[in-house]
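Fold and contact review
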Amino acid sequence: MTDQSYNFAYLDEQTKRMIRRAILKGLAIPGYQVPFASREMPMPYGWGTGGVQVSAATLMPDDTFKVIDQGADDTTNAVSIRKFFEKTAGVATTEETEKATVIQTRHRIPETPLHEDQVLVYQVPIPEPLRFLEPRETETRKMHSLEEYGLMHVKLYEDISQHGAIATSYAYPVKVEGRYVMDPSPIPKFDNPKMADCPAIQLFGAGREQRIYALPPYSRVVSLDFEDHPFDPSKADHPCDLCGAEDSYLDEVITDDAGGRMFVCSDTDYCRARREAGHVGAQAPAMKEGAGA
Amino acid sequence: MKPLLQVRDISKFYGARLGCRDVGFDLYPGEVMGIVGESGSGKSTLLGCLAGQLAPDTGEVLFDTRGEGPRDTLKMSEPERRMLARTDWAFVHQHAREGLRMGVSAGGNVGERLMAVGARHYGDIRDQAIDWLGRVEISEDRVDDKPTAFSGGMQQRLQIARNLVTGPRLVFMDEPTGGLDVSVQARLLDLLRGLVREMGLSAIIVTHDLAVVRLLADRLMVMKDGHVVETGLTDQVLDDPQHGYTQLLVSSVLQV
């Protein structure tokens, strides 16, 4: 039940109204960073204060809420944010992507395709894709407003000249609706294609940097690249060792100090659902024996 | 022949203090104009006004654009002016650090302007960058080094390559040889003279070094306290100065 010492979803109604206005503006101008008066939240910056505020302004009492951190439902960040809204909003929570209506995420997009009744909320540490190339905020704003995005390609050029390929593997810059260049938050570039033409609403909140931006459903999202070095949504070339999935993004887990390792789906819900459906990966039984030893 | 740049009655005040006043001249394609004067004479203010970095209080700067003929750059919208600044114009700063991205490799620095105007083929960009580094006498194996690893003279040459890669028609230079030792200056001037002649560039060079204008400039404008006190062909002004200040300036040069 909602703790009565808090307003629904922690934030007061005026604050939520202010955030909703920023979200609506963000949806009206896809990819544009809307400044908003970020509030002090009961968690440190860097733990998802932006995402939490966007979720708080988005949640309704009938919503079902899911939180993932690097794809997992059971890591510290995910558990604490889920508990936070269980306590302050009293909304139902779930670990199943399919059943959730609002999903807050850090660093991943779920493998299960999203649908029109869902909102995906990203936690964003640094919303400005040009920040590490141009430190002045006045200048980056001007570059956005005048569509001067040559500098973004300088970063990719540097990658190729140093590593022989575009080595940026997360927070890979995208161009939205042919206009704004946007930082997709630190999701792996494997997830970039999922942002394009997505039926769900995608909202991005950066608490410390006080910016909100958004992608309306079915937006055109193109990852930047060179003609002779096209965008490659790479992942570890391996099936999941638990569920055998060939198409999901994998974490590499070191299992002992003798070179033993396994690749497992980073999306825990996807992996669990597949195993329950009878899919078995190469190391799945071995792990059970290992757990007993 | 049509002038490339027509400057009319440029005045700029900083509050009550005068920056420069009633400056006007024509610059023709392929011509190099030198602006000399002591510190505080308004040279850099004037250059800033011409290059669109400062807003003058009066006057107009007509640039002969490729598409639409002569247009007043001061009345252009900012996107148009910035587009001009990265295509047809180039600006060489006195300190290479101001004109370079110090955290980006030499190749990336040269390629930036190409990418800014839409080049999206890595191989082509890199080939052009290497070609330009060669033209400013930086060897190909330094293409992936950052400018922080370059000497002052190399940084200045890199800045020039970065500016000229898009084939501008007008180059603004603010003390391009300032802070370099004499032998490096000589090489840089030699290089600049070659490039200006080879590419048929027009250039406006602000300097207090008379040797620089003697080598590079076709025409000379002498400024003092914000006013132009003397103009003419370089050799004419330097060999037969008319105005008292110009005479002082010419006679102040150390003879070795």
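What this report covers is the structure whose coordinates are included nearby. (Residues numbered from 1 in each chain as written. Chains lettered and ligands numbered in written order. Predicted model: local features only at pLDDT ≥ 70, side-chain atom pairs only at ≥ 80, totals over all residues. Heavy atoms only, no water.)

Description of helix α3 (residues 76-88) of chain A
Residue and element names in this part refer to chain A. In this model, α3 (13 residues) spans 18 Å end to end at C-alpha, consistent with the 18 Å of a helix rising 1.5 Å per residue. Of the residues making up α3, those classed as buried are Asn77, Ala78, Ile81, Arg82, Phe84, Phe85 and Thr88. End-on, the buried residues of α3 take up no more than an arc of 155°, which puts them together on one face. Turned more than 90 degrees off the buried face of α3, the exposed positions are Thr76 and Lys83. Elements that come into contact with the buried residues of α3 comprise α2 (49-58), β2 (64-69), β3 (92-93), β4 (102-106) and β5 (119-123). Once α3 ends, the next one or two residues include Gly90, with phi positive near 65°. (Helix = DSSP H or I, 4+ residues; strand = E, 2+ residues; numbered from the N terminus. Expected span 1.5 Å × (residues − 1). Buried < 20%, exposed > 50% of the residue type's maximum accessible area, 1.4 Å probe, protein only. Arc of directions from axis to C-beta. Contact = heavy atoms within 4.5 Å.)

Section: the environment of Glu31 of chain B
All names here are of chain B. Along the chain, the position of Glu31 falls in the loop between β2 (17-27) and β3 (32-37). Sequence separation between Glu31 and Val196 is 165 residues, and the spatial gap between their C-alpha atoms is 8.9 Å. Excluding residues within four positions of it along the chain, Glu31 makes contact with Asp26, Leu201, Ser202, Ala203, Asp218 and Arg219.

Looking at the packing of aromatic side chains
In this description, a pair of aromatic rings is defined by centroid distance and the angle of the planes. For the structure shown, the criterion picks out 14 aromatic pairs over all chains. Taking 5.3 Å as the distance between ring centres and 85° as the angle between the ring planes, the aromatic pair formed by Trp89 of chain B and Phe172 of chain B counts as edge-to-face. With Trp89 of chain B in strand β6 (residues 89-92) and Phe172 of chain B in strand β7 (residues 170-174), the pair connects residues that are 83 residues apart, well separated along the chain. Exposure class is identical for Trp89 of chain B and Phe172 of chain B. Each is buried. Ring pairs connect the aromatic residues Tyr6, Tyr10, Phe65, Phe84 and Phe85 of chain A, which therefore count as one cluster. Stacked on the ring of Tyr180 of chain A, the Lys or Arg Arg179 of chain A has its end atom at 4.3 Å from the ring centre. (Phe/Tyr/Trp six-rings, centres within 6.5 Å; stacked < 30°, edge-to-face > 60°. Lys NZ or Arg CZ within 6 Å of the ring centre and 35° of its normal.)

Section: the interface of chain B and chain A
With 21 residues of chain B in contact, the opposing surface of chain A contributes 20 residues. The three residues of chain B that bury the most area against chain A are Arg82, Arg120 and Tyr122 of chain B, which together make up 39% of that side's buried surface. Across the chain B-chain A interface, the total number found is 5 salt bridges. The tally of links between chain B and chain A comes to 12 residue pairs in polar contact (both at pLDDT 80 or more). Elements represented by at least two residues in the side of chain B that touches chain A include exactly α2 (78-87), α4 (106-116) and α5 (122-135) of chain B. Here the side of chain B that touches chain A is composed, by residue class, of 7 nonpolar, 6 polar and 8 charged. (Buried area = accessible area lost by both parts, 1.4 Å probe. Salt bridge = Lys/Arg side-chain N within 4 Å of Asp/Glu carboxyl O. Polar contact = N/O pair within 3.5 Å; in protein donor to acceptor, adjacent residues only side chain to side chain. Nonpolar A, V, L, I, M, F, W, Y, C, P; charged D, E, K, R; others polar.)

Looking at empty space enclosed by the protein
All names here are of chain B. Taken as a whole and judged by the stated rule, the model has 1 cavity of 30 Å³ or more. Taken as a whole, the largest cavity encloses approximately 30 Å³ of empty space. In terms of lining, the largest cavity is formed by Ile160, Leu164, Val171, Met173, Leu192, Leu195, Val196 and Leu201. Among the elements of the structure, α6 (152-164), β7 and α7 (182-199) are those that each provide at least two residues to the lining of the largest cavity. (1 Å grid on protein atoms, 1.4 Å probe; cavity = no way out; pocket = protein on both sides within 12 Å on 5 of 7 lines; lining within 4 Å. Points joined across faces, edges and corners; volume = space filled by probe spheres on them.)

Focus: the environment of Met43 of chain A
Residue and element names in this part refer to chain A. Checked against the element boundaries, Met43 lands in the loop between β1 (34-35) and α2. Residue Met43 is classed as buried on the basis of its relative accessible area of 17%. For Met43 and Ser80, which are 37 residues apart along the polypeptide, the C-alpha to C-alpha distance reads 9.6 Å. Excluding residues within four positions of it along the chain, Met43 makes contact with Gly48, Thr49, Val52 and Ile81.

Focus: the nonpolar core
In this structure, Phe226 of chain A together with Val110, Leu158, Ile160 and Val171 of chain B are the most contacted members of the largest nonpolar core, which totals 68 residues. If sequence neighbours within four positions are ignored, Ile160 of chain B has contacts with Val92, Val136, Leu188, Leu192 and Leu195 of chain B. Counting 29 residues, the second largest nonpolar core, distinct from the first, contains Ile19, Met41, Ala78 and Val102 of chain A. (Core = buried A, V, L, I, M, F, W, Y, C linked by side-chain atoms within 4.5 Å.)

Points about the pairing of strand β8 (residues 202-207) of chain B
Residue and element names in this part refer to chain B. In terms of residue burial, β8 counts as a mostly covered element, since 6 of its 6 residues are buried. Residues Ser202, Ile204 and Val206 of β8 are buried on one face, and the alternating residues Ala203, Ile205 and Thr207, pointing to the opposite face, are buried as well. Examined bridge by bridge, β7 and β8 share 5 bridges and lie parallel to one another. Its bridge partner being in β8, Leu170 is matched across the sheet by Ser202. Where the polypeptide runs from β7 across α7 and back to β8, its parallel neighbour, the crossover connection is right-handed. (Pairing = 2+ DSSP bridges. Right-handed = clockwise from strand over helix to strand, strands pointing away.)

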